[in-house]
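So you can see what is in the structure, the chains are spelled out below.
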Amino acid sequence: MTQLLELQDVVKHFPVKATGRVVHAVNGVSLSMRPGETLGIVGESGCGKSTLGRLALRLIEPDRGEVRFGGENLLALSGRALRARRREMQIVFQDPYASLDPRQSVADILAEPLKIHGLGNGKARRERVAKLLQQVGLPEDAARRYPHEFSGGQRQRIGIARAIALEPKLIVADEPVSALDVSIQSQILNLLVDLKRALGLSYIFISHDLAVVEYISDRVAVMYLGHIVETGTAADLYAAPAHPYTQALISAIPDPDPDRPRQRVVLGGDVPNPEQPPTGCPFHPRCPKAQPICSVEMPPAKNVGTEERPHLVRCHMY
Ligand code: SF4
């Protein structure tokens, strides 16, 4: 089966004027996802996961590497061909308020992508807006109102309606529930799950929250300092995390059952400065299992799963 999205050895560094150094945001990431899949990307803030999401959509250009969408080299496209592909790939942002123009009515916000792509006339667009509002659980009269008249959860529903307006295949959801109250988070997650089923969507779901990622993802990639250090099905990765970083993250998820035995791994130190990443395995300064080789050599990816159900980990212990 053709993969929906493939990234091959993608690199993105950002120069920092003040220091004359570069931020190593994404360092040779390779991954792929099938149509209909939800791929969770998880890691601490500053690990490069949002940059990776934008590289996947070609919202920013990589310094190196390949991005293929539906088998086509996305980086070789321009003009009309790129615009046509862009229709199929959308993004939902963390802060729905900042991403919605406060001067536009909801009807205008939702009709804008249709106008940009020259889809439908005035009547057809009004009908599409009404349908989108219904699909995301907002009342029809929301069309006449403005973003400030809505709650955070409702605003995120508007952001999601805008993302599905062009009937995309892939949505990158970048921390879509982090700014919301916990009680609202599950409503938005359930909406995303329902829309995925109804519309045959695929998601890249980016979050620092491991519990949220486990709930929504089919497969999960764990990122640390611009590297993917572990990937596997959500079931395998959460049941038996292989990388010491993943083990530490998972051990810190609050467990609703206080009687269940659990060993919390507390990580020492902070995430290193991405302008000066450590040599060898980027996790070695904080790793409780580090060996001398870890500060010298970057470990290759090893499959600790099966051929049919790969579980890849980059750690010298394997
Ligand atoms: Fe820890 Fe070494 Fe494995 Fe890196 S390679 S995670 S430092 S044991």
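Residues take numbers from 1 onward in each chain, read along the sequence in its written order. With the structure being a predicted model, the display of local features is reserved for residues of pLDDT at least 70 and the display and counting of side-chain atom pairs for 80 or more, all residues being used for whole-chain, interface and lining totals. No hydrogens and no water enter the side-chain calculation; it runs on all heavy atoms of the structure.

K.L.:
Got a minute to help me understand the overall build of the chain in this structure?
P.N.:
Labels follow the DSSP assignment, with helices taken as runs of H or I lasting at least four residues and strands as runs of E lasting at least two, numbered in each case from the N terminus. Across its full length, the chain holds 10 helices and 12 strands. In this treatment the radius of gyration is a C-alpha quantity, and the globule benchmark scales as 2.2 Å times the residue count to the 0.38 power. Radius of gyration (C-alpha) of the chain: 21 Å, near the 20 Å computed for a compact globule of 318 residues. Its C-alpha atoms give the chain principal-axis dimensions of roughly 65 × 50 × 45 Å. Relative accessibility thresholds used throughout: buried, under 20% of the residue-type maximum; exposed, over 50%; partly exposed, between the two (1.4 Å probe, protein chains only). Looking at the chain as a whole, 46% of its 318 residues are labelled buried. We call two residues contacting when some pair of their heavy atoms lies within 4.5 Å. Taking the intrachain contacts of the chain between residues at least 6 apart in sequence as the baseline, contacts between residues at least 24 apart amount to 62%. Note on areas: these come from Shrake-Rupley sampling with a 1.4 Å probe, and a residue is covered only by the protein chains present in the view. On the chain, roughly 15500 Å² of surface is accessible, and the fraction owed to carbon and sulfur atoms is 50%.

K.L.:
How should the site of the ligand be read in this particular structure?
P.N.:
The criterion for a residue being near a molecule or strand is simple. One of its heavy atoms has to lie within 4 Å of it. Of all residues adjacent to the ligand, which total 13 residues, the nearest are Cys281, Cys287, Cys294, Cys315 and His316. Structurally, the ligand is housed in the largest cavity. Each residue belonging to the shell around the ligand can be placed in one class, and the counts come to 9 nonpolar, 3 polar and 1 charged. A 1.4 Å probe that fits into a set of points on a 1 Å grid over the protein atoms alone but cannot get out defines a cavity; an open set with protein on both sides within 12 Å along at least five of seven lines defines a pocket, and lining residues are those with an atom within 4 Å of a point. If over half the atoms of a molecule are within 2 Å of the grid points of a cavity or pocket, the molecule is regarded as sitting in it. Three classes are used, and their members are as follows: Ala, Val, Leu, Ile, Met, Phe, Trp, Tyr, Cys and Pro are nonpolar, Asp, Glu, Lys and Arg are charged, and the others, Gly among them, are polar.

K.L.:
Please explain the sheet that holds strand E9 (residues 219–224) as it appears in this structure.
P.N.:
Working definition: the strands of a sheet are paired by backbone hydrogen bonds and lie parallel or antiparallel to each other. With mixed pairing, the 8 strands of this open sheet are ordered in space as E6-E7-E8-E3-E9-E10-E12-E11. Where the open sheet ends on each side, the last strands, each with one partner, are strand E6 (89–92) and strand E11 (301–303). Pairwise comparison of adjacent strand axes, ignoring direction, gives a mean angle of 20 degrees for this sheet. We treat two strands as partners when DSSP finds at least two bridges between them. Inspection of the sheet shows E6 paired to strand E7 (residues 170–174) by 4 bridges, in the parallel sense. Opposite Met89, over in E7, you have Leu170 as the bridge partner. Helix axes are fitted only over the stretch in contact, all axes being lines through C-alpha atoms; the angle between N-to-C directions runs from 0 to 180 degrees. Where helix H10 (residues 244–251) meets the sheet, it contacts E9 and strand E10 (227–233), and its direction lies at approximately 105 degrees from that of E9.

K.L.:
Just checking my understanding: could you explain the layout of surface pockets for this structure?
P.N.:
Regions of empty space are outlined by a rolling probe, equal in size to a water molecule, passed over the atoms. Grid points are joined across faces, edges and corners, and a volume is the space filled by probe spheres set on the points. Roughly 600 Å³ of volume is contained in the largest pocket. Lining the largest pocket are 30 residues; nearest its centre among them are Leu31, Ser32, Arg219, Thr231 and Leu312. Of the residues contributing to the lining of the largest pocket, the split by class is 10 nonpolar, 12 polar and 8 charged. Volume-wise, the second largest pocket comes out at about 370 Å³.

K.L.:
I would appreciate a short explanation of the sheet that holds strand E5 (residues 72–73) in the present structure.
P.N.:
Read across the sheet, 4 strands follow the order E2-E1-E4-E5 without closing on themselves; strand pairing throughout is antiparallel. Across the chains shown, the open sheet's two edge strands, defined by having one partner strand only, are strand E2 (21–33) and E5. Where strand E1 (residues 5–16) lies against strand E4 (residues 64–69), 5 bridges are found, and the strand directions are antiparallel. Looking at the pairing, Gln8 lines up with Glu66 of E4. On top of the sheet, helix H1 (residues 49–56) reaches E1, E2 and E4; it is set at about 120 degrees to E1, its chief contact.

K.L.:
Would you take a moment to explain empty space enclosed by the protein for this structure?
P.N.:
Within the structure shown, the criterion is met by 1 cavity of 30 Å³ or more. Approximately 80 Å³ is the volume found for the largest cavity. For the lining of the largest cavity, the class distribution of residues is 9 nonpolar, 4 polar and 1 charged.

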